[in-house]
Amino acid sequence: MPRALTVIDDRAEVVLESLRRALDGGPAILPLAEPVAAADVPRTVASTVALVVQSSGSTGAPKRVALSAEALLASAAGSAAALGGQGQWLLALPAHYIAGINVLVRSMVAGTEPIVVEGGHFDPLAFVEAATRLQHPMRFTSLVPAQLAALIATDAALEALRSFSRILVGGQSTPQGLLAQALELGLNVTRSYGSSETSGGCVYDGIPFPDVTMRIVDGEVELGGPTLAEGYLGDEELTGRHFYTEGRARWYRTSDAGSITDGILLVTGRLDDVIISGGVKVSLGAIERVVTSLPGLLHAVVVARSHERWGEVPVVVSTVSVPLEDIRTIVGGVLGAEARPAELVVVESIPLLPSGKPDRKALASR
């Protein structure tokens, strides 16, 4: 029997109550920041679907990922096992993104009240105020790198950050310099890797949840296990490209490049962020990791632009002016001459999506 699908707004209290019903067999839900713009959403979904998550569309068209109650609960169980127990969560992310939804699901499973950071845009002082309302001895939160950087730069937030048993940081590649700074400040930071298609982060600091499997196939990271999504709502072709069954195991092709050494996953970049410059493959993600490790460029973003001679070239976008030749020398020394950025574009601010990720489409359009 089909299941009703209800579009709801992303206020945390609305999503929390609707999730309770959905996980208990009620109508499936699709939380959106702007529900009025959802005219193309079907009225019903498969009976196995409890939640639909719309991707941020930071590099392409948004996708609608269909998740079962079993996948969401498996994610919560895996997270608790990896974190060493259940506790109270502080919600600092929008509740229509999978990382924010996970905070609510984990809270329900733990039987604790999630504390919500108020305000439309992330405010470090609002985070500090919300942290004072946490009462459980085990305290957790989930952030994107931009939020962590803003909190570290706010003196009043350091004491609050140190009170957390674990701070998950994910949603995008976290600069090594930011991680090192957080650890030096005594923060219990853990890198979370996953996506809406895996019910959010399912690999912490390179180590998968107990029931999650991972492997590298032709250089691409593939993930398996009970946290996998049902597929993409209304898009069988896309579902078939990314999800497949081999024997009795089901796998998700992540489109991420990576390697596994001694059971630890290292993600090296997106397969779809590779450009051809002068006939040579160049990874924008790899360039960005080198660039953001340089002084003053922690928040820089690397995008591509067309070039008459080379086809495409990497461009660094930053709010800070740094000699381009210094960047080119260091990037070239690490990744080779072809990876050297052709240009440094200085902007007043890096445009961000509501999730806190850089809006790469907006940057590339410039």
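Structure's up top.
Calculation criteria
Residues numbered from 1 in each chain as written. Predicted model: local features only at pLDDT ≥ 70, side-chain atom pairs only at ≥ 80, totals over all residues. Heavy atoms only, no water. Salt bridge = Lys/Arg side-chain N within 4 Å of Asp/Glu carboxyl O. Helix = DSSP H or I, 4+ residues; strand = E, 2+ residues; numbered from the N terminus. Buried < 20%, exposed > 50% of the residue type's maximum accessible area, 1.4 Å probe, protein only. Core = buried A, V, L, I, M, F, W, Y, C linked by side-chain atoms within 4.5 Å. Contact = heavy atoms within 4.5 Å.

A. Examining the pattern of salt bridges more closely. Applying the stated rule across the entire model yields 14 salt bridges. Between arginine 64 and aspartate 40 there is a salt bridge, with the nearest N and O atoms lying 3.0 Å from each other. Linking arginine 64 in strand 5 (residues 64-67) with aspartate 40 in the loop between strand 2 (28-32) and strand 3 (44-45), this pair joins segments that are 24 residues apart in sequence. Relative accessible area serves as the criterion here: at 56%, aspartate 40 is assigned to the exposed category. Between glutamate 129 and arginine 133 there is a salt bridge; the shortest N-O distance is 3.2 Å. Judged by its relative accessible area of 40%, glutamate 129 is partly exposed. Here the residues in one salt-bridge network are Arg215, Glu222, Glu246 and Arg253, joined through shared partners.

B. Local environment of the nonpolar core. In this structure, Leu19, Leu51, Leu67, Leu104, Val203 and Leu223 are the most contacted members of the largest nonpolar core, which totals 41 residues. Breaking this core down by element, the ones donating at least two residues are helix 1 (12-23), strand 4 (51-54), strand 5, helix 2 (69-83), strand 6 (88-91), helix 3 (98-110), strand 11 (200-204) and strand 14 (220-224). The dominant element in this core, judged by the number of residues it contributes, is helix 3, at 6 residues. In contact with leucine 223, other than residues within four places in its own chain, are Tyr193, Thr198, Cys202, Val203, Thr213, Met214, Leu228, Arg250, Trp251, Tyr252 and Thr254. Ala131, Leu143, Ile152 and Val169 belong to the second-largest nonpolar core, a separate cluster that totals 27 residues.

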